[in-house]
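What the coordinates show
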Amino acid sequence: MDTLVSLRHLYGRLLALCGLIAGLMTFAVMCLVCANVLMRYAFNAPIPGTLELTESALPIMIFLSVALTQHGGGHIKVTLLTQHLSPIPRRALQVFAMAAGAVVFGWAAWAGWEMAMKAYSYGELERGAISFPLWPVKFVVFFGLALLAVQFLIDAVLAALGWQLPEMAEVLE
Amino acid sequence: MSIEIGLIGVVCLFAAILAGVNVMVALGLVGAAGLAAIVGFHAATSILGTVFFDTTHSFHFSVIPLFLLMGFFAMRAGLGEDMFEATTRWLGNMRGGLAISTTLGAAAFGAASGSSVGTATVFTKLALPEMLNRGYDKRLASASIAIAGTLAVMIPPSSLVVVYGILTDSSIGGLLIAGFIPGIIFAIVLCIAIWLTVARNPALAPREEQKFTLREKLASLRLAGPLVLVILLIVLGLYLGIFTPTEAGAMGALFTFVLAIIRHRGLKGVKLRETLMETIHTSAMIFAILICALVFSKFLALSGLANAMGGFLTGLQVNRWVIVALVSLIYLALGMMMDAPALLAITLPITHPVMMSLGFDPIWFGIFVVLLVEIGAVTPPVGINCFVVQASSGGRVKLEDVFRGLVPFVLAGFFMLILLCIFPELALYLPSRMGN
Amino acid sequence: APSQAKVYKWITFKPEGAGDAQAVSTKWLVKEFAKRTGGKDQIQVFWGGSVAKTKEIPDALASGVGDFGDIITPYFPDRFPLNNAVGFFIPQPNSTLQIGKLMEKWYAEDPQFQQEMEKQGIHVFGFRPLEDYGLLCSKPVHDIKDMKGLRIRSYGFAYPALIKAMGATPVTISTAEAYEALQRHIIDCTPIGPALARGWKYDEVAKYYIEIPFGASFGHLLAMNLDSYKAMSPDLQKIVDQLGKDYLIKYNDLLTQDEKRVRQEWKGKLGVTVIPFPKKEMAEIVKDPGIQSVRKEWMAKASSAGLSQDQIDQVVKSLQF
Ligand code: NA
Ligand code: NA
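Residues numbered from 1 in each chain as written. Chains lettered and ligands numbered in written order. Predicted model: local features only at pLDDT ≥ 70, side-chain atom pairs only at ≥ 80, totals over all residues. Heavy atoms only, no water.

On to the overall build of chain B. Within chain B, the regular secondary structure consists of 23 helices and zero strands. Classification of the 436 residues of chain B by burial places 66% in the buried group. Residue pairs at least 24 apart in sequence account for 79% of intrachain contacts in chain B once pairs closer than 6 positions are excluded. In the structure as shown, chain B presents an accessible area of about 14700 Å², 68% of it carried by carbon and sulfur atoms. (Helix = DSSP H or I, 4+ residues; strand = E, 2+ residues; numbered from the N terminus. Buried < 20%, exposed > 50% of the residue type's maximum accessible area, 1.4 Å probe, protein only. Contact = heavy atoms within 4.5 Å. Areas by Shrake-Rupley, 256 points an atom, 1.4 Å probe, with all protein chains shown as cover.)

Now the structure itself:
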């Protein structure tokens with residue numbers, strides 16, 4: 001179990017790096033949109049492609065962060081009933097919950113991979129004031145979903161071994 | 001046959017959520033498995049393959065992380081503490097004064113934001129720590145914020161009202177204006193609900209001991225200044241046509257960032273990295289649920305369960321207010337587990353013709369139904385506003401606290417629905433004056 | 001053996017209550033399908049994107065989430081380049097009906113058009129071109145000189161170059177945001193037709209309609225899941241294919257009526273001023289290198305999609321002023 005826990009820790013550092021990229025992108029989008037407003041009013045010269053870049057940044061921001069949020073136990077759940085259970089059934093339900101997450105996001109990641117490959121095969125472009133390939137964004141969506149599925153898988157195994165999964169409070173201060 | 005699958009799906013969703021499965025996983029897994037049962041595994045896979053990208057690939061939705069960022073910066077800039085210092089000097093002697101001023105603040109902020117979830121997030125960051133630090137009951141504090149978020153959808157601008165206008169071919173300009181008076185009245189109704197709740201149980205909201213002189217009160221207005229500036233920047237920016245909502249979010253974030261730098265005399269105290277991480281955590285959580293709710297609502301639509309309910313309604317031969325009551329019950333029931341835009345998309349094609357054939361005004365029904373689905377945003381088990389309040393609370397409240405605290409406010413929502421039925425002019429007065 | 005009676009699923013982005021030519025003609029088609037199969041087979045419509053949103057529809061159709069559906073072709077220029085021919089050639093001189101007939105002609109003469117769709121699991125049986133587009137503005141525009149410096153809403157792959165060529169500034173804005181953008185003068189104009197302008201209520205906030213001959217753009221493909229189509233009896237396939245042809249006529253009639261009604265309303269209580277625009281100026285603008293490079297991009301795509309130079313020339317010729 002200790003190796004798995006340290007593996008989870010190592011995995012968390014990868015996820016933190018992805019999250020940092022997502023955070024910096026959020027800040028960059030803020031700057032871009034503001035710069036566009038200022039350029040529009042000060043010089044009647046909006047920055048071409050602001051809408052297209054912002055639109056494509058959002059999926060990257062979201063899917064580079066979903067697994068990190070799960071790593072810290074930050075996704076919403078209802079503990080109304082489970083908190084009153086005795087340890088064994090509670091652990092069983094937790095394994096079930098984590099395995100369900102691995103299944104649905106593994107499925108979604110596989111589906112996302114197929115869609116990304118399809119977009120790549122016909123060279124899908126984002127078109128507007130500026131143009132750029134859209135398929136890399138779709139690969140990021142796949143990548144993020146796959147990271148999330150792996151996180152659920154690790155946690156399913158750890159929960160089965162009786163390790164206490166982190167709750168949100170430990171991450172968000 | 002499919003309807004049975006739909007019913008089984010609904011039962012499985014509730015069971016999974018109660019078993020402690022992450023809400024997004026429950027929605028996604030039941031939705032996708034249900035789709036596979038109805039149209040096949042291959043087809044369900046295709047929906048999973050497109051929905052995550054297509055929902056997030058949107059300029060319009062970028063407003064959510066930007067409003068989040070703005071809220072976090074506003075917190076770092078200490079706008080929350082300052083505002084509450086000011087409001088306690090003015091309203092602190094009143095029981096529940098902070099919760100009341102939060103409601104009024106959210107109404108004011110709602111004149112800038114069209115997002116119920118976004119407003120709930122900002123005010124969780126602004127008001128929740130203040131209320132808790134001053135001894136407010138967790139349930140009252142968190143629930144008053146969750147419901148106050150819905151004011152942003154009533155008071156224009158409101159993306160949900162635009163969705164209604166498009167789905168039903170009603171006047172968008174008229175609809176947006178129609179929400180103004182009901183939004184303000186609902187804010188007042190919520191304040192009364194807080195006052196009554198606290199009057200019944202004074203322990204929920206301690207009274208500030210200090211007495212302030214008029215001079216101190218007036219001096220406190222300067223503390224509220226920066227927040228007023230932020231709200232003015234956004235309200236005026238939107239109304240004068242200087243910004244689109246996404247731009248207002250970015251400008252608001254930049255402005256509060258600058259205020260935070262000024263307060264901490266430099267970048268160091270702003271904790272930029274932590275702020276960005278909090279923003280992406282909450283954004284990821286909101287979008288993950290939003291998208292999985294979409295998968296589930298696609299399943300619900302294809303199963304024909306939503307459709308069957310509408311067909312039943314049109315077949316009834318009773319007083320039209322009985323149908324209004326039934327329609328309301330259906331929205332409250334579906335609103336328990338679905339998000340607002342998906343709920344409108346599925347139900348309006350059924351309920352709107354029914355309501356029109358009964359002689360109701362399309363604009364009135366628009367405001368009525370938006371209030372209904374917004375009540376759904378705070379009811380368990382899928383109450384997106386409550387999730388957001390809990391997620392933004394930094395672990396200081398539990399989801400159960402928020403849901404339990406909401407009882408008086410959901411009752412206030414029912415009261416507002418009845419007001420709208422008795423006085424339809426609340427919604428119809430301003431649109432009828434348009435262009436005169 | 002007679003095939004079993006079936007209820008087919010039609011998935012659409014269109015809201016049922018929309019009441020416009022697109023929604024009304026879809027309802028007509030559904031009724032007509034039941035009538036022509038003697039009530040044996042039926043279509044059930046899933047309206048308003050409740051099952052698949054605009055960008056999800058091709059994949060949802062191809063994988064069998066629905067049997068029928070309408071694909072907004074201009075959203076997929078890279079995926080369906082051939083079927084997007086018209087979109088790369090804005091402005092062009094053909095009307096709505098003419099564009100529909102042109103698509104039918106290309107489908108009949110150039111098998112590559114249907115192959116492009118079938119390769120992705122989709123069978124096309126009908127066409128829904130959009131109405132003739134002009135420019136809806138919040139200030140009067142009389143000729144190309146008035147265009148200078150205007151902010152015009154742009155989207156897709158042909159309008160940015162066209163708007164630049166007219167001396168105006170393209171501003172990318174989504175359909176849903178255009179109402180507010182017009183109201184708040186973030187944009188001065190948007191390309192649109194009368195019926196759609198009424199549908200989105202843009203004419204509440206922009207009161208000048210400039211008759212710039214952008215032409216009718218394409219539009220939506222009426223399509224089926226390929227396997228669902230193949231599983232149909234030959235008789236039923238014939239009914240579907242004929243229904244596609246009749247649909248175009250019915251839809252065009254409805255659209256014409258709508259446009260007449262809207263123009264009447266514009267003269268009356270809505271108070272929208274219609275301003276003519278010199279046609280010659282548009283024929284000149286098309287020579288702009290930016291516009292030409294968009295057209296060349298299509299020719300290259302068509303060539304790699306297997307169209308011969310001769311076939312390409314035929315298509316290009318019918319889209320020129
Ligand atoms: Na609002
Ligand atoms: Na709910």
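Take the interface of chain B and chain A next. Contacts between the two partners involve 68 residues from chain B and, on the opposite side, 67 residues from chain A. Buried area between chain B and chain A, both sides added, is near 5600 Å², and the carbon and sulfur share of it is 79%. Linking chain B with chain A are one salt bridge, by the criterion used here. Measuring nitrogen to oxygen at the nearest pair gives 2.8 Å for the salt bridge that ties A:Arg40 to B:Glu247. Across the contact surface, chain B and chain A share six residue pairs in polar contact (both at pLDDT 80 or more). Breaking the side of chain B that touches chain A down by element, the ones donating at least two residues are α1 (2–18), α2 (23–39), α3 (41–56), α4 (63–76), α14 (245–264), α15 (272–303), α20 (384–392) and α21 (399–405) of chain B. Counting residues per element, the side of chain B that touches chain A draws most heavily on α15(B), at 16 residues. (Buried area = accessible area lost by both parts, 1.4 Å probe. Salt bridge = Lys/Arg side-chain N within 4 Å of Asp/Glu carboxyl O. Polar contact = N/O pair within 3.5 Å; in protein donor to acceptor, adjacent residues only side chain to side chain.)

Next up on the list: the pattern of salt bridges. Charged atoms that come close allow side chains of opposite charge to pair. Applying the stated criterion across every chain, the model contains 29 salt bridges over all chains. Across the pair A:Arg127 and C:Glu297 runs a salt bridge whose closest N-O atoms are separated by 2.8 Å. With A:Arg127 in the loop between β1 (125–126) and β2 (132–133) and C:Glu297 in helix α12 (residues 289–304), the pair connects residues from two separate chains. Of the residues examined, A:Arg127 reaches a relative accessible area of 13% and is grouped as buried. For C:Asp203, the salt bridge identified is with C:Arg198, shortest N-O distance 2.7 Å.

All names here are of chain C. For Asp-110, the position within the fold is in the loop between α4 (96–109) and α5 (112–118). Buried charge Asp-110 goes without a salt bridge, the closest partner of opposite sign being Lys-105 at 7.3 Å. If near-sequence neighbours (up to four positions away) are discounted, Asp-110 is found in contact with Leu-307 and Gln-311. (Lys, Arg positive; Asp, Glu negative; His and termini not counted.)

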